Amino acid sequence: MARTTRKLKQRCIIAAAILLLLGFGTDIFRLFYIQVVKGEEYKTKAESQQLSDTEISADRGIIYDCNYNVLAESASAWLVYVNPSKIKDDAQRKLISQTLSKILKLKEERVYEKISNSNYSYVKIEGKVEYTEKTLISDFIDDNDLYDIVNIDPDTKRYYPYSNFASTILGFTGAEDSGRAGLELEYNDKLTGVAGRIITAKNARNGAMSSNFETTYDAKQGTSLVLTIDETIQRYLEEALLECYETSNCLSATGIVMDVDTGAILAMASMANYDLNDPQGFTDEEKAARSAAIQKGLEGCTATPFEMMQLAAETIELTESLLGRFNTASASDLGVGALSLRSAVQGAWLNVLINIGSLKDKELAEDYRAKGEALVKKVCEAADRVYATVLTLV
């Protein structure tokens, strides 16, 4: 009887131990899963709930002419955003969407939709806002006690002090302050600055805490460019081209002024030009005219090097015909001439190729391609024959 009782006690102890292990094992596994497996994810979520991260826009680098006259710079503007989690009710939401859409010339339905999710604490409404609109929004905030709901932060906007001056050289930036054309696009990585940040702790009500819990990382301006362009010479060139463009009724007019000693481009322009501060502000007729002018210019830029290829083909025939009919002492001159013609046709062919890729007339582009390939083959093969013969004579 006593032996049976001991066995029963042992079994109870074992069962209790197993239950304890299972219970604690589950908790241990759960802790491991939360802290190790999902640790980074939960850490990120906690930080997003505890911290507010606001980006500080960085100024792009300044573009100067050769005398350090400013041709493009970043001007002060403002960013408007809303904290939907602070909006009290739908009436306040409608008031905000109606007023902001009217001041910023946005669609009211779109603004209302943006600020409808109360789970969000930051919704961008518009960037690059001018001073006049910024003042109206500030008054609206004051009049309706919308502090911490509608907010305004510093922003930057690209500004071109001379509007359409050197427009085909400078290019312009897009909505996100990145280069879209010209030098703004070509040197975008260098001109773009490094954005700063303001990290602020949030309280239980999702509001900002005092500045003691705030860390600021200053934005860094992008690298500036100094061009070889001279503002005065550029202006004279543009005025002359504009007069030619308007009086001759041509599709386009292009001019370049170069320093003959250094090769530096002192001025370069093409008509018609456009307002850099409003690059999208073309009418349909202006867009069509601009597109036609670009295509006409491309056709001209393609025809010239192609004519050079044709001349090289004719000249190589004459060169090869001189084999066996020249003084041996001048054999090297014939070889140098053949090699020069080979280089000339290959260089001209590269210029043709880069232009036909942008031609909208695909039939014309394919015609250039077929004839050009034949000319390159003809000249290179003939030049090789002349060179091989000359090598046996020198």
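Scoring rules and cut-offs
- Residues numbered from 1 in each chain as written.
- Predicted model: local features only at pLDDT ≥ 70, side-chain atom pairs only at ≥ 80, totals over all residues.
- Heavy atoms only, no water.
- Helix = DSSP H or I, 4+ residues; strand = E, 2+ residues; numbered from the N terminus.
- Buried < 20%, exposed > 50% of the residue type's maximum accessible area, 1.4 Å probe, protein only.
- Contact = heavy atoms within 4.5 Å.
- Patch = residues over 30% accessible without salt bridge, like charges linked within 9 Å, V, L, I, M, F, W, Y side chains within 5 Å.
- Areas by Shrake-Rupley, 256 points an atom, 1.4 Å probe, with all protein chains shown as cover.
- Salt bridge = Lys/Arg side-chain N within 4 Å of Asp/Glu carboxyl O.
- Lys, Arg positive; Asp, Glu negative; His and termini not counted.
- Axes fitted to C-alpha atoms, helices over the stretch in contact; angles between N-to-C directions.
- Parallel < 35°, antiparallel > 145°, perpendicular 65-115°, else oblique.
- Left-handed = near helix turned anticlockwise from the far one by under 90°.
- Nonpolar A, V, L, I, M, F, W, Y, C, P; charged D, E, K, R; others polar.
- Core = buried A, V, L, I, M, F, W, Y, C linked by side-chain atoms within 4.5 Å.
- Expected span 1.5 Å × (residues − 1).
- Phe/Tyr/Trp six-rings, centres within 6.5 Å; stacked < 30°, edge-to-face > 60°.
- Lys NZ or Arg CZ within 6 Å of the ring centre and 35° of its normal.

What follows deals with the environment of Ala267. Counting through the fold element by element, Ala267 comes out in strand S10 (residues 265-271). A residue is classified by how much of its surface remains accessible, and Ala267, at 0% relative accessible area, is buried. In this structure, the C-alpha to C-alpha distance between Ala267 and Tyr236, residues 31 residues apart in sequence, is 9.0 Å. When residues no more than four places from it in sequence are discounted, the contact partners of Ala267 are Ile229, Ile233, Gln234, Leu237, Gly255, Ile256 and Val257.

The subject of this paragraph is a nonpolar patch on the surface. Together, Leu339, Tyr387, Leu391, Leu393 and Val394 make up a nonpolar patch on the protein surface, roughly 450 Å² of accessible area in all. If you trace the backbone, Tyr387 turns up in helix H12 (residues 362-391). Residue Tyr387 is classed as partly exposed on the basis of its relative accessible area of 37%.

To continue, consider the side chain of Glu184. Turning to its location among the elements, Glu184 is positioned in helix H7 (residues 182-186). Once residues within four sequence positions are removed from consideration, Glu184 is found in contact with Arg60, Ile63, Ala72, Arg158, Tyr160, Leu170, Gly171, Phe172, Thr173, Gly179 and Leu191.

The next point concerns the side chain of Glu238. With respect to the element layout, Glu238 can be found in helix H9 (residues 231-248). Notably, Glu238 is buried but unbridged: the nearest opposite-charge side chain belongs to Arg235, and the N-O separation is 6.1 Å. With sequence-adjacent residues up to four places away left out, Glu238 is seen in contact with Asn164, Phe165, Ala166, Ala269, Met271 and Asn273.

When two helices pack together, their arrangement is given by the angle between the helix axes and the distance between those axes. Relative orientation of the contacting elements helix H3 (residues 90-104) and helix H5 (residues 131-144) amounts to 160°, with a least axis distance of 10 Å. Accordingly, the angle class assigned to the pair H3 and H5 is roughly antiparallel. In the crossing of H3 with H5, the sense of the turn from one axis to the other is right-handed. Across the interface between the two elements, Leu95, Ile96, Thr99, Leu100, Ile103 and Leu104 from H3 touch Glu133, Leu136, Ile137, Phe140 and Asn144 from H5. By residue class, the composition of the contact of H3 with H5 is eight nonpolar, two polar and one charged.

With that settled, the discussion passes to the nonpolar core. In terms of nonpolar packing, the biggest core is built from 26 residues, with Phe306, Met309, Ile316, Val345, Val352, Ile356 and Val376 touching the most fellow members. Here the element with the most residues in this core is H12; it accounts for ten residues. Residues contacting Met309, with those up to four places away along its chain left out, are Val345, Ala348, Trp349, Val352, Gly372, Leu375 and Val376. In terms of nonpolar packing, the next biggest core, distinct from the first, is built from 19 residues, Ile103, Val111, Val123 and Ile149 among them.

Our focus in this paragraph is H5. Counted at 1.5 Å a residue, the expected span for H5 with its 14 residues is 20 Å, and the 20 Å between its end C-alpha atoms agrees. In this fold, the buried residues of H5 make contact with strand S3 (70-82), H3 and strand S5 (150-159). Phi for Asp145, located one or two positions after H5, is positive at around 50°.

Here the focus is the environment of Ser167. Among the secondary structure elements, Ser167 is positioned in helix H6 (residues 167-170). Taking C-alpha positions, Ser167 is 9.9 Å from Leu183, a pair spaced 16 residues apart along the chain. Once you skip the residues sitting within four places of it in the chain, Ser167 turns out to touch Asn273, Tyr274 and Leu276.

Taken as a whole and judged by the stated rule, the model has six aromatic pairs. With a centroid separation of 6.0 Å and 55° between ring planes, the pair formed by Trp78 and Tyr131 is classed as tilted. Pair noted here: Trp78 is in strand S3 and Tyr131 is in helix H5, with a separation of 53 residues, a long-range link. A relative accessible area of 18% places Trp78 in the buried class. For Tyr131, a relative accessible area of 53% corresponds to the exposed category. Each ring, one from Phe306 and one from Tyr368, has its centre 5.1 Å from the other, and the planes form 75°; the classification is edge-to-face. Of this pair, Phe306 sits in helix H10 (residues 284-321) while Tyr368 sits in helix H12, placing them 62 residues apart in sequence. Among the residues examined, Tyr368 registers a relative accessible area of 13% and is labelled buried. The ring centre of Tyr162 lies 5.2 Å from the NZ or CZ of Arg235, which sits over that ring.

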